[in-house]
Amino acid sequence: MSVKSKLRSRLLLAVAAAFVSILAAQTIIRFNWTLPQLDHLAHYNDQLDVKRVKNQISQQLNLNKNFTYDNGVWDENYSNAREKNIDWFQQNYFIKQTFAHQNLNGIYFYDAQGQLIVGMSANREFEFIVTPEFTDPAIYSPLLITTKEVQDNQQLPISKVQFIEVHGKAAVVTSQSIAPSNEHGPSAGTMLVWQFIDDKFVELLSPNGQQLVQQHQGADLDAIFPHLSSEWGSNDVDAQVYQGRLFIGVKDLQHKPLIAFSIPQSPRLYDRAIFDSSILAGLVMAIIVLGLFYFFIHKSMIQPVLKMLKTVSYVSLSSDYSQRTGLSGSSELHRLGELIDQLLCVVESNKQILQQQNEQLAALSNTDQLTSLANRRYLDQHLAVLSSHEANRQLPLSLLVIDIDFFKSFNDTFGHAEGDRILRQVAHALKQLTHGATDLVCRFGGEEFVVVLENTDKANAAHVADNLCRGIEQLKIAHGGKNASEFITISIGVATKPADHAIDSQQLFERADAALYRAKSLGRNRYVCADNA
Ligand SMILES: Nc1nc2c(ncn2[C@@H]2O[C@H](COP(=O)(O)OP(=O)(O)OP(=O)(O)O)[C@@H](O)[C@H]2O)c(=O)[nH]1
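Described in the following lines is the structure provided in the data block.

Cut-off values and rules
Residues numbered from 1 in each chain as written. Predicted model: local features only at pLDDT ≥ 70, side-chain atom pairs only at ≥ 80, totals over all residues. Heavy atoms only, no water. Salt bridge = Lys/Arg side-chain N within 4 Å of Asp/Glu carboxyl O. Helix = DSSP H or I, 4+ residues; strand = E, 2+ residues; numbered from the N terminus. Buried < 20%, exposed > 50% of the residue type's maximum accessible area, 1.4 Å probe, protein only. Axes fitted to C-alpha atoms, helices over the stretch in contact; angles between N-to-C directions. Parallel < 35°, antiparallel > 145°, perpendicular 65-115°, else oblique. Left-handed = near helix turned anticlockwise from the far one by under 90°. Contact = heavy atoms within 4.5 Å. Nonpolar A, V, L, I, M, F, W, Y, C, P; charged D, E, K, R; others polar. Polar contact = N/O pair within 3.5 Å; in protein donor to acceptor, adjacent residues only side chain to side chain. Near = heavy atom within 4 Å. Pairing = 2+ DSSP bridges. Core = buried A, V, L, I, M, F, W, Y, C linked by side-chain atoms within 4.5 Å.

Here's the deal with the pattern of salt bridges
Counted according to the given criterion, the structure contains 14 salt bridges. Close ionic contact of K84 with D111 constitutes a salt bridge, the shortest N to O distance being 2.7 Å. Placement of K84 in the loop between α2 (75–83) and α3 (86–93) and of D111 in strand β1 (residues 106–111) is noted, with a sequence separation of 27 residues between them. The class of K84 is partly exposed, set by a relative accessible area of 41%.

Now the structure itself:
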C-alpha cells in the first residue's frame, strides 16, 4: 500500500472515529443534560405564561370589583338602596356609556333581604334588554352577599366573583355588599354586575391585538378539561400542553366545566432539528477540516516523498543523474529533497569527469604516443569490427604492411631522438597520402606501420602502395646510412581480400608480411603484392 493511500485510509478512519465520537458525545450530552435542562426551562416558561394569563384575567375582573366597590360603599347609593329608590338607580346606572365603559352586560341591586330592587341587562352592543335576567332567586341568591356573610366578615364591605352560565354562555358575576362609606352600619343589600366572557372579553387580555388568549366553551370542554394546566381558583400551575396550547379551566357554581382560556405554547428556543443539523454541520466541518488537513499533509509530506521516490527510482533505473527532485524549503523532507539534488549534482559531475577520463584513457589506449597514429591494439579492434559486419564480406579489403628501410642504420647515424622525429614525419606523411575517411593508418610497432584500405581491390591497393613509396621518398629525408637511396624510403607488403570473401585478418597480415619480406629482399623502396589467397 502506498504512503498516499495509507494516509488517505487513515484519515478516513479518523473522520469516521471523530464523527462517531462527536455523535456519541453530543447524544449523551443532549439526552442527559441539554434536553432535560431545556425541557425544564421551557416547562417553567409555560408555567409563567399560564400564571401571566391568570393575572390578566384577575386584573380584568378587578375592574368590575373596583367598580362595584366604588359604588357599593357610596353613601348615596347606600341610602337609596335602603329606600329602594328605583328611579334614582335607573337615572344613575342604566346609562349606555356606563355599561360600555365598564364592558358590562348587567347591573342589579338587591335589598338586604335578597329581594330585587332594580336591574338592567344589555347585549354585547350595550343595547338594553327589556327582560332582565337575575330576577329568579334560584339563580341569583347564591350570588348575593347574605347578611350572615356580612356579619361573619369583620370588615365591611365584602365582595364575590363567581362564574356562571347565562343563556348558555359563560359569564362572570361580581357582587358587592352595599355599605356606608365609613364601612360601619348594616348592609343595605347587594350590588351585582356581570358580563359575558366571550371573544370581546379575551380581546382585552391579549395585548397589542395579538389574539393570543382564546376562550373555549361548549362541547370542546370535555376534551380540554383533562389537559388543564391550571384551574381557576387554584394556585397550582402545571404546564400540560394540549394541541399546542396551555389551558386554564373555569368551573361554575355547580363545579361543572364552564369555560377554558388558552394561550399557545411559546415557541421552543431550541428544536431537535437544530441538534440534528448541528451534528450534520459538525460532520461537514470535520470533513472540511480533515480535507484541509489531508491537503496540508499531502503537500507538505506525501508530495515530497513521492517526488523523491520517483526521482531516485528513475535515476537508479536509467542512471540519468541529471534528474532533480526540485524540492526546496525548510521542512526536513524538503531539506532531504535538496540534499538528494545536491548528491545527484555531485554524482552527475563526477560521472562526467569519469566519462571524460574514460574517453581520454580509451583514446590513449588506442593511440601510439610517439606518432599519434592508432596503435596495434586499435588495429586489432578495427579489423575485428570490420570482420563482424557481414556487408564487408561483399567488398574487397587490402592491408599494407610498411617498414622503413634500414632504419637501424639511420638511428645509428643520427641518434634515437632523430629516429623518433623521422618516425613522426613518416607517420604524418602516410596519413596525408591516404584517405582519412576510409583508410586506417596505424603504427604497428618500431618502424613498422600498417594501412587498412576498405573497399580497395588489389590494383587500387598497389596504386596506393606505390603512391606511399614515392611520397615518402619525395620527403627527401636524408638517410645518411646504408640505404639503396640517399633518402628515407619504405618497403610495403600488400595483401588483398577480394570481394565475397570473409575477412581473415590473421591470414591477411601474414600474407602482407610475407610480401613485405619479398619487397625487402628485392631491394627495398618498393611494394610487393601478395598473391590472391
Ligand atoms: N628511433 C627509434 N628507433 C626505433 C624505434 N623502434 C624501432 N627502432 C629501431 O628501428 C630499427 C629496426 O632495425 P631492423 O629491424 O634491424 O631493420 P632495418 O634496420 O630497418 O633494416 P630493414 O628493415 O631490413 O631495412 C632498430 O634499430 C630499432 O632500434 C623507435 O621507436 N624509435
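Some details on the packing of helix α13 (residues 416–433) against helix α14 (residues 458–473)
At a minimum axis separation of 10 Å, α13 and α14 run at an interaxial angle of 135°. Regarding the angle of α13 to α14, the classification is oblique. As α13 packs across α14, the resulting crossing turns out to be right-handed. In this structure, α13 contributes V426, A429, L430 and L433 to the contact, and α14 contributes N467, L468, G471 and I472. Taken together, the residues that form the contact of α13 with α14 break down as 6 nonpolar, 2 polar and no charged.

Brief notes about the side chain of S398
Among the secondary structure elements, S398 is positioned in strand β11 (residues 397–404). Engagement of the side chain of S398 in a polar contact is seen with the backbone oxygen of D457, the distance being 3.5 Å.

Section: the site of the ligand
Within the structure, the ligand sits among 16 residues, and F406, F407, N411, D420 and R443 are positioned closest to it. A distance of 3.1 Å separates an oxygen atom of the ligand from a polar atom in the side chain of D403. One of the side-chain nitrogen or oxygen atoms of R443 is found 2.8 Å away from an oxygen atom of the ligand. Listing elements by their share of the shell around the ligand, those giving two or more residues are β11, α12 (407–414) and α13.

Some points on the packing of α2 against α3
In the contact formed by α2 and α3, the axes pass within 8 Å of each other and the chain directions differ by 140°. Every residue of α3 that contacts α2 at E76, N77, N80 and A81 is listed here: W88, F89 and Y93. Tallied by class, residues from the contact of α2 with α3 come to 4 nonpolar, 2 polar and 1 charged.

What to know about the sheet that holds strand β8 (residues 230–231)
Judged by pairing direction, the sheet is mixed, and its 4 strands sit side by side in the order β7-β10-β9-β8 without closing on themselves. Sheet topology places β7 (214–216) and β8 at the edges, where each strand pairs with a single neighbour. Relative to strand β10 (residues 257–264), strand β9 (residues 245–251) runs antiparallel, the two being bridged by 7 bridges. Across the sheet, V250 pairs through a bridge with I259, a residue of β10.

Considering unusual backbone geometry
The residue N103 is not glycine, and still its phi comes out positive at about 55°. Inspection of the secondary structure puts N103 in the loop between α4 (96–102) and β1. Here R524, not a glycine, exhibits a phi torsion of approximately 70°, which is positive. Note that R524 resides in the loop between α15 (505–521) and β15 (527–529).

Some thoughts on α12
All of the buried residues in α12 are F407, S409, F410 and N411. Next to the buried residues of α12 lie β11 and α13. Backbone geometry just downstream of α12 places G415 in the positive-phi region, at approximately 95°.

As for the nonpolar core
Grouped burial of nonpolar side chains is what soluble globular proteins tend to show. Counting 30 residues, the largest nonpolar core has L400, I402, L430, F449, L468, I490 and I492 as the members making the most contacts within it. Elements with a minimum of two residues in this core: β11, α12, α13, β13 (448–454), α14 and β14 (490–497). By residue number, the principal contributor to this core is α14, which donates 7 residues. Leave out the neighbours within four places in its chain, and I490 touches I402, D403, I404, D405, L430, L468, C469, I472, N525 and R526.

Observations regarding the environment of Q254
Within the element layout of this structure, Q254 appears in the loop between β9 and β10. Between the C-alpha atoms of Q254 and I164, which are 90 residues apart in sequence, the distance is 8.9 Å.

Here's the deal with the pairing of strand β12 (residues 439–445)
Within β12, 6 of the 7 residues are buried, which leaves the element mostly enclosed by the surrounding structure. Direction of pairing for β12 relative to β13: antiparallel, over a ladder of 6 bridges. When the bridges of β13 are listed, G445 appears paired with E448. Joining the antiparallel neighbours β12 and β13 is a turn of 2 residues, in which G446 adopts a positive phi near 50°.

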